[in-house]
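# Inside the fold
So you can see what is in the structure, the chains are spelled out below.
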Amino acid sequence: MGDRVSISFKNKDEESVALFNHWGGMEFVEEATAYAKDLKQRKKGEQSMPLDRLEVGTVMVDFIRHVTRDTKEVQSSLYLGKDLRDGDNSDNGHHVIDLVAI
């Protein structure tokens, strides 16, 4: 049994790889959305670095850092897939977090 879900970040026509979480459920989607809102607010007006520009690949890497920051090793239910079909999100589906719309 799991609470499978996946997320990706989107900025205009660019979309990141998918991050799957076997046990994350909708709480994982809520955490990713809250992270994205906070990041967008903090980076408002900055443009010099990829994270400042909300480049989706860098946003995904930073989100993984965010969710694993208190762990010695990443021994969890997280894994990457090239897109929403490259893993199991059968319980809660795939959620695209649109960095423009939030």
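What you see as residue numbers is a count from 1 along each chain, following the sequence as written. Since the coordinates come from a predicted model, pLDDT governs what is reported: local features require at least 70, and pairs of side-chain atoms require 80 or more to be given and counted, while whole-chain, interface and lining totals use all residues. In computing side-chain values, all of the structure's heavy atoms are included and hydrogens and water are not.

## A word on the pairing of strand 3 (residues 18–21)
Accessibility here uses a 1.4 Å probe with only protein chains present; expressed as a share of the type maximum, an area under 20% marks a residue as buried, one over 50% as exposed, and anything in between as partly exposed. The helix and strand labels rest on DSSP assignments: H or I over at least four residues marks a helix, E over at least two residues marks a strand, and numbering proceeds from the N terminus. Of the two faces of strand 3, the one lined by A18 and F20 and the one lined by L19 and N21 are each fully buried. Pairs of strands are assigned from DSSP output, requiring at least two bridges between the strands. Relative to strand 3, strand 1 (residues 5–11) runs antiparallel, the two sharing three bridges. Directly across from I7, in strand 3, lies its bridge partner L19. Where strand 3 and strand 4 (residues 78–81) come together, four bridges link them in antiparallel fashion. Bridge assignment links A18 to a residue of strand 4, and that residue is G81.

## Some points on the side chain of S16
Inspection of the secondary structure assignment puts S16 in the loop between strand 2 (14–15) and strand 3. Any pair of residues with heavy atoms lying within 4.5 Å of one another is described as a contacting pair. Excluding residues within four positions of it along the chain, S16 makes contact with S8, F9, V56 and M60.

## Some details on the packing of helix 1 (residues 25–42) against helix 2 (residues 56–68)
Here the axes come from fitting lines to C-alpha atoms, over the contacting stretch only for helices, and the angles between their N-to-C directions go from 0 to 180 degrees. It is the contact of helix 1 with helix 2, at a shortest axis distance of 11 Å, that shows an interaxial angle of 115°. Viewed along their axes, helix 1 and helix 2 form a crossing whose handedness is right-handed. Side by side, helix 1 and helix 2 meet where F28, E31, A32, Y35 and L39 of the first sit next to V59, D62, F63, H66 and V67 of the second. The residue makeup of the contact of helix 1 with helix 2, split by class, is seven nonpolar, one polar and two charged. Crossing handedness is read from the near helix: turned anticlockwise from the far helix by less than a right angle, it gives a left-handed crossing, and turned clockwise, a right-handed one. Three classes are used: nonpolar for Ala, Val, Leu, Ile, Met, Phe, Trp, Tyr, Cys and Pro, charged for Asp, Glu, Lys and Arg, and polar for all others, with Gly counted as polar.

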